[in-house]
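# Architecture and fold: a report
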Amino acid sequence: MRSCWVKPFCLVLAGALLLSPVGWWGASVAKAATSIEHSPPVADTVLSAGNIHKTIGTYGFEQGNSDGWKPRGTYTQIASVTEAAYGGTHSLKATARTEAWNGAELDVKSLLQPDVEYEISGYVKLDGHSAVPSMVKLTVEQQPTGGTTTWKMVAQTETADTSWIKLQGKYTFTGGMDALKLYVESSNPAQAYYVDEVEITQVSKTPTEPANGIVSGFEDGTAQGWVSRMGAETVQVSNADARTGSYSLLTTGRQKTYAGPKLDVTATMQKGSRYMVSAWVKLAPGEQPAKVRLSIQRDHQGDSAYETVVGDTATTTGGWMHLSGTYTLAHDADTVSMYLETAEGTPSFYMDDFELSLVPPLAIEKDIPSLHGLYGGQFSIGTAIEAFQTEGAYGELVQKHFNSVVAGNAMKPISLQPSEGQFHWEEADQIVQFARQHGLEIRFHTLVWHNQTGDWMFKDKNGQPMTPTAENKKLLLDRLETHIRAVAVRYKNVITDWDVVNEVIDPDQPDGMRRSKWYQITGTDYIEKAFRVTREAAGPNARLFINDYNTHEPKKRDFLYNLVRDLLAKGVPIDGVGHQSHIRLEFPAISEIEQSIEKFASLGLDNQITELDMGLYSNDTDRYETIPESMLVRQAHRYRALFDMFSRQQNHIRNVTIWGTDDGNTWLSTFPIARLDKPLLFDERLKAKYAYWALADPSKVPPLPAGNNQ
């Protein structure tokens, strides 16, 4: 599977933060230590079903800075200090207070949402005994839009000594706010204090009704919220051209391809909801033809992620071009904005008739046969999901049709450990919790990959890119082991099938090995190390897989076969081969896939189909506005033939996983180009396609079109 989100000039996977408070979930960002006992096995704790417990922010001040807190009061000073700490080695000290309300404050406006309940807690310690008890409080200053400032007390307690005290309480607000500031105050203005381990946790569901959509026609003569994205370009209403009415939005003076008009849609879009997006564009007079696309920027806790909503669309000065697509907000975000950019060049362009609208709620078909039930006793049927798909109609679809799940992105290296020692477990934990609650098997994808792995992994001790030295080899293998042990210990009792290494073969190399950074620094030692460490950490019952794509191609298949054979001869614990199986309507031949399964089975290995989908295009350039029904019929017959082969090979196949729940959530909507594709068994409305019925009841599928012989 290819990478999904792009940070400027580098690949990232922005992990949304969603977790539970105690037990195996751990903290929102777990600091790795030399020992990893802080991450207990999953099966040793009790899951809390149905509770919302989402960490919004934690502040331990362990980095030696204020973690975004600021002094409150004219003379107040704050600093991260080591002279006292409740947890770790640092706390935040507030000194030079002259008023009771002076101290340390945190701007929480971007963190909190209206009509949502939060639990806010923290530890406070006075700097020295006091003859008169002090009343210490956690308070939120509220500045309602168009209203009068108010102060809402969250928690309070009285103390006179220097022991750490805990403040904890619930907080919610309604309506729009221009400012929300959380602060610690003390009734004794002359006394300094320490604060530590502040945590903000969401404890009620986010309201499910998203705000109304957005329509920008610019007929009032204003930009209607659209602004310059980079600041250098000019974004203004123009009456020189318009698709409808008299006005459009003109962007000129662009200096970067990603510079253009931007609209903040944070208040409109909600996590887990799906939206229709539409805009019309036209190049300004005198510009050369260009490709324009519509993109999304998500900002969360200091990181930005970028996604294409509508791909590169050829645009000229001769007419208005329609950019239309759908988008699901799948991850937590502090702010979300939509913008227009170009693939190359910086032409000026008009935009008109922008629309953003909520797609009606989804519902599954409850009276059709369960997909996994059709193959009971043969192999399990899995699907790839994101954390948001554990809820609502997506969650219902998964429960009904699949008895196995895999995280599409949440368990990849950069998602779990985006920077060294900082583990983000939230989305992975949510998927594991969902699977356990509903009795689903879990596949792990993936421990080691050349892609979607943090750049830090391949930096030397001085922060420079690694070169092939003995010192760097040891450092890289040590980091690999630390990552694997942290992950495997956490999930060893609930995940049995592990993609240990992913995509190590390149048939264009003389020895067949991909020249990844892993290979450049360690040769093939990283592969052996990964399997041996995973066996030790995950235990003897774990099934360990080497996973790759295009395993049907004879040359690539043979390179992979020889590698696995040689590793097995050295005693490396490999239990199976994962065949990604990203196939297309026209190729490969099903017989090639079957030959590959049989070849690896001859080594005594399990085979799993790990990322199955069937793209409808035969090349990387075509694009349909509407998929012809004849293609969907052909797809259905090919799916039937494929699963018939899987059934023949059931003694050699333990699991078949489909890479996505539905056509509305497929990586093929943006790869290899942005285009409409329908590669899965259920459509974007979660309705069964011909492809599903080919497996459940072939009589419901029309015959192959004339001239086609599947």
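Structural notes, computed from the coordinates. (Residues numbered from 1 in each chain as written. Predicted model: local features only at pLDDT ≥ 70, side-chain atom pairs only at ≥ 80, totals over all residues. Heavy atoms only, no water.)

### A word on the overall build of the protein
Looking only at helices and strands, the protein features 11 helices and 35 strands. For 710 residues, the compact-globule estimate of 2.2 N^0.38 gives 27 Å, and the C-alpha radius of gyration of the protein, at 28 Å, lies within 12% of that figure. Judged by the C-alpha coordinates and their principal axes, the protein covers about 90 × 70 × 55 Å. When contacts within the protein are restricted to residue pairs at least 6 apart in sequence, long-range pairs at least 24 apart make up 76% of them. Counting only carbon and sulfur atoms, one obtains 48% of the accessible surface of the protein, whose full area is about 28,500 Å². (Helix = DSSP H or I, 4+ residues; strand = E, 2+ residues; numbered from the N terminus. Rg over C-alpha atoms; globule rule 2.2 N^0.38 Å. Contact = heavy atoms within 4.5 Å. Areas by Shrake-Rupley, 256 points an atom, 1.4 Å probe, with all protein chains shown as cover.)

### Comments concerning the pattern of salt bridges
The final tally for this structure, using the stated rule, is 35 salt bridges. Among the salt bridges present, the one from R648 reaches E594, with a minimum N-O distance of 2.9 Å. Placement of the pair is R648 in helix α10 (residues 629-648) and E594 in helix α9 (residues 590-601), with a sequence separation of 54 residues. In this structure, a network of salt bridges that share partners links the residues E481, R485, K529 and E536. (Salt bridge = Lys/Arg side-chain N within 4 Å of Asp/Glu carboxyl O.)

### Observations regarding the nonpolar core
One finds Y491, W498 and I546 to be the most contacted residues of the largest nonpolar core, which totals 64 residues. Here this core takes eight residues from helix α5 (residues 470-491), the largest share from any one element. Aside from chain neighbours lying at most four places away, what touches W498 is F444, L447, V487, A488, Y491, K492, A538, A542, R543, L544 and F545. Listed in part, the 45 residues of the second largest apolar core include Y375, A393, L612 and A636. (Core = buried A, V, L, I, M, F, W, Y, C linked by side-chain atoms within 4.5 Å. Buried < 20%, exposed > 50% of the residue type's maximum accessible area, 1.4 Å probe, protein only.)

### Re the environment of D334
Assignment of secondary structure puts D334 in the loop between β23 (321-328) and β24 (335-342). Along the primary structure D334 and M513 are separated by 179 residues, whereas in three dimensions their C-alpha atoms are 41 Å apart. The residues touching D334, leaving out its near neighbours within four places in the chain, are S110, L111, T266, D299, H300 and Q301. A polar contact of 3.5 Å, which involves the side chain of D334, links it to the side chain of H300. (Polar contact = N/O pair within 3.5 Å; in protein donor to acceptor, adjacent residues only side chain to side chain.)

### Comments concerning the side chain of K689
As for its position among the elements, K689 is in the loop between β35 (653-658) and α11 (690-696). On the basis of relative accessibility, which here comes to 8%, the residue K689 falls in the buried class. Apart from the residues lying within four places of it in its own chain, the contact partners of K689 are L632, Q635, D663, K678, P679, L680, L681, F682 and D683.

### Comments concerning unusual backbone geometry
A cis geometry characterises the amide bond from H445 onward to T446, with omega recorded as 0°. With respect to the helices and strands, T446 occurs in strand β29 (residues 441-449). In the segment running from F587 into P588, the intervening peptide bond is cis, with an omega of 0°. With respect to the helices and strands, P588 occurs in the loop between β33 (582-584) and α9. Residue A96 is not a glycine yet carries a positive backbone phi of 60°. With respect to the helices, strands and loops of the structure, A96 is situated in the loop between β7 (91-95) and β8 (103-107).

### Remarks on the environment of L362
Note on placement: L362 falls in the loop between β25 (349-358) and α1 (371-374). It is 11 Å that separates the C-alpha atoms of L362 and G395, two residues lying 33 residues apart in sequence. With residues up to four places along the chain from it excluded, the contact list for L362 reads A393, Y394, E684, R685 and L686.

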